[in-house]
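Structural overview
Each chain, written out:
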Amino acid sequence: MSRAICLYLHVHQPFRLREFSIFDAGHPESNYWFPQYDAPTSNERIIHKVAQKSYRPTNALLKELLAQHPQFSLSLSITGTLIEQLEMWAPDVLQDFKDLVATGRVEIVGETYHHSLAFFYSQEEFARQVELHRKKIEQTFGVTPTVLRNTELSYNNDIAYWADQAGYKGIITEGADSVLGWQSPNFMYQPAYTKQIRLLLKNYKLSDDIAFRFSNQDWAEWPLTASKYVHWLNALPKNEQLINLFMDYETFGEHQWEDHGIFDFMRHLPAEFLQTKGNRFMTLSQAVDHFEPVGTLDIPHTITWADTERDLTAWLGNALQTESIQALYNLQDDILATKNQALINDWRRLQTSDHFYYMCTKWFNDGDVHAYFSPYQSPYDAFMFYSNALKDLTLRLRLAQSGGKEPA
């Protein structure tokens, strides 16, 4: 009986806010996104660092694996905010991604252009951002996504219903225990209240063994080798034929460093897995076409792939976060009515979920993860800089409404 790995990697970098003072608000030459190069919030510096540590070596490795193994394939999602930054500061990396997609064995997954939580505040804006992303992917890579992911794998019945109505054939989310119960993530499912679309669930244990535990020397399974990992896969019940391994692209080289052996692990994984007869790799859309759903999943409450709760509390778990995001979306109609593209672009960049992630005040392990990703000293600094930028955006909105003109 055949068994398939769906390897899905998410590639994203936000436009981080610089340390934006209240005294910057209303200043005609202020901008939020481009501080000096050596600042902790320098988007250009961070892109160069991550490109060197992760994107370039991972792209090179994937090209090598695709050339060596005709049966190897994978799926990627790439946010519009990252594509913009690669166009500006690392065009060679963007070309590498184009080369991968051009093989015909690397699929691009659809999502919101700005990596936003728009679905939960404005489904009209959500639809606009998904459409902006589709157009950007078509323009950049010459392909049209047929599988959708919402930001941070956030998902509920309503999102699946929207995607089904929009014509997507697949949607992905977390294989959370709270929704699966006794069921396994290693099958294809049908979302409740939909007609055609299929649901693929991340196997979070097997994914996190690579994405989070790989370099942990206190882990009982350390060191993790490709042969040991494939032994685990092959030992799964024979009827569990679909293994969805979902993780960040930056797992390779950035979250798990090269000197910990992560590239060697990935280099050997396809050969180890494919030596078992019937084993194969599939893109997400190939899996949708190949596997029939074994049942329906009804998920009325929202799940995500973040933190131990697997819900939205990483971004919307405290008053700093909820007040900030609500204030932003309260500006929607007035911002869009100006037709001022610079204003609209900044409003949409401020929707990126990372801004609210940096405001998280959780403690213990989840809090450590949030602090690792944040360029700020504390969640309160992240809130303050965001509030100041929002104040400036509001002042610019008033200027536009009064017929004033922003500086070129």
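Small disclaimer: the values here were computed from a predicted structure and weren't measured.

So, on to the environment of Thr173. Tracing the backbone through its elements, the reader meets Thr173 in strand β5 (residues 170-174). Residues Thr173 and Glu152 lie 21 residues apart in sequence; the distance between their C-alpha atoms is 8.4 Å. The residues touching Thr173, leaving out its near neighbours within four places in the chain, are Leu153, Tyr155, Leu199, Leu200, Leu201, Lys202, Phe246 and Ile303.

What follows covers the pairing of strand β2 (residues 74-78). Counting buried positions along β2 yields five of five residues, so the element is predominantly enclosed. In β2, alternate side chains face the same way, and those of Leu74, Leu76 and Ile78 on one face and Ser75 and Ser77 on the other are all buried. In the sheet, strand β1 (residues 3-11) pairs with β2 via four bridges, with the strands oriented parallel. If you follow Tyr8 over to β2, its bridge partner there is Ser75. Examined bridge by bridge, β2 and strand β3 (residues 106-108) share three bridges and lie parallel to one another. By the bridge assignment for β3, Ser75 is matched with Glu107.

All right, on to helix α5 (residues 157-165) then. When we look at burial in α5, the residues that qualify are Asn157, Ile159, Ala160, Trp162, Ala163 and Asp164. Buried residues along α5 sit in contact with α4 (123-141), β4 (147-149), β5, β6 (190-191) and β10 (296-297). By the N-cap criterion, in which a side-chain oxygen at the helix start approaches the backbone nitrogen of a residue two or three places on, α5 is capped by Asn156, the distance to Asp158 being 3.0 Å. The positive-phi residue at the C-terminal boundary of α5 is Gly167, with phi of around 95°.

Moving on, we come to the pattern of salt bridges. Pairs can form between side chains of opposite charge once their charged atoms are near each other. As enumerated under the stated definition, the model contains 25 salt bridges in all. The partner of Arg267 in a salt bridge is Glu64, and the shortest N-O contact between them spans 3.1 Å. Here Glu64 lies in helix α1 (residues 43-68) and Arg267 lies in helix α9 (residues 262-274), a separation of 203 residues in the sequence. Residue Arg267 is classed as partly exposed on the basis of its relative accessible area, which comes to 29%. Salt-bridge contacts for Asp209 lead to Lys205; the nearest nitrogen and oxygen are separated by 3.5 Å. Linking Asp209 with Lys205, this pair stays in helix α7 (residues 204-211), spanning four residues, or about one helical turn. Three or more residues joined by partner-sharing salt bridges are found here, namely Glu174, Lys202, Asp208 and Arg310.

As for its position among the elements, Thr151 is in the loop between β4 and α5. By relative accessible area, which is 0% here, Thr151 ends up buried. At a separation of 3.0 Å, a polar atom in the side chain of Thr151 contacts the side chain of Thr112. Thr151 has contacts with Thr112, His115, Ser116, Leu117 and Ser353, leaving out every residue within four places of it along the chain.

As a further point, take the nonpolar core. Membership of the largest hydrophobic core comes to 57 residues, with the highest contact counts inside it found for Trp315 and Leu393. No other element matches helix α17 (residues 379-401), which puts seven residues into this core. In this structure, Trp315 is in contact with Leu117, Glu152, Thr304, Ala306, Gln321, Ser353, Phe356 and Tyr357, ignoring residues within four places of it in sequence.

Okay, unusual backbone geometry next. The peptide bond linking Trp222 to Pro223 adopts the cis configuration, its omega dihedral lying at -5°. By the element assignment, Pro223 lies in the loop between α7 and α8 (226-234). Its identity as a non-glycine residue notwithstanding, Tyr193 has a phi of 65°, on the positive side. Within the secondary structure layout, Tyr193 lies in the loop between β6 and β7 (198-202). Relative accessible area serves as the criterion here: at 60%, Tyr193 is assigned to the exposed category. Phi at Lys339 is positive, roughly 55°, even though this residue is not glycine. Relative to the helices and strands, Lys339 is located in the loop between α13 (332-338) and α14 (341-349).

Contact geometry for α14 and α17: axes closest at 11 Å, N-to-C directions at 155°. If you check the angle between α14 and α17, you find them roughly antiparallel. Considering how the two elements wind past one another, α14 and α17 form a crossing that is left-handed. Here α14 contributes Ala342, Leu343, Asp346 and Trp347 to the contact with α17, which in turn contributes Leu393, Arg396, Leu397 and Ala400. Looking at the contact of α14 with α17, its residues break down into six nonpolar, no polar and two charged.

Taken together, three strands build an open sheet; the order of strands is β4-β5-β7 and the sheet is parallel. The strands lining the two open edges of the sheet, one partner per strand, are β4 and β7. The sheet shows a mean angle of 30° between the axes of neighbouring strands, direction not considered.

A few words now on the packing of aromatic side chains. We describe a pair of aromatic rings using the distance from one ring centre to the other and the angle between the two ring planes. Per the counting criterion, the structure on display carries 24 aromatic pairs. On the basis of an interplanar angle of 80° and a centroid distance of 6.4 Å, the ring pair of Phe15 and Phe34 is categorised as edge-to-face. Of this pair, Phe15 sits in the loop between β1 and α1 while Phe34 sits in the loop between β1 and α1; the two residues are 19 residues apart in sequence, bridging distant segments of the chain. Taking the centre distance of 5.0 Å and the plane angle of 85° together, the rings of Phe119 and Phe126 count as edge-to-face. Here Phe119 falls in the buried class, since its relative accessible area comes to 6%. A connected cluster of aromatic rings, assembled from ring pairs, spans Phe15, Phe20, Tyr32, Trp33, Phe34 and Trp89. Sitting over the ring of Tyr204, Arg310 keeps its end group 4.6 Å from the ring centre.

About the thresholds
- Residues numbered from 1 in each chain as written.
- Predicted model: local features only at pLDDT ≥ 70, side-chain atom pairs only at ≥ 80, totals over all residues.
- Heavy atoms only, no water.
- Helix = DSSP H or I, 4+ residues; strand = E, 2+ residues; numbered from the N terminus.
- Contact = heavy atoms within 4.5 Å.
- Buried < 20%, exposed > 50% of the residue type's maximum accessible area, 1.4 Å probe, protein only.
- Pairing = 2+ DSSP bridges.
- Polar contact = N/O pair within 3.5 Å; in protein donor to acceptor, adjacent residues only side chain to side chain.
- Salt bridge = Lys/Arg side-chain N within 4 Å of Asp/Glu carboxyl O.
- Core = buried A, V, L, I, M, F, W, Y, C linked by side-chain atoms within 4.5 Å.
- Axes fitted to C-alpha atoms, helices over the stretch in contact; angles between N-to-C directions.
- Parallel < 35°, antiparallel > 145°, perpendicular 65-115°, else oblique.
- Left-handed = near helix turned anticlockwise from the far one by under 90°.
- Nonpolar A, V, L, I, M, F, W, Y, C, P; charged D, E, K, R; others polar.
- Phe/Tyr/Trp six-rings, centres within 6.5 Å; stacked < 30°, edge-to-face > 60°.
- Lys NZ or Arg CZ within 6 Å of the ring centre and 35° of its normal.

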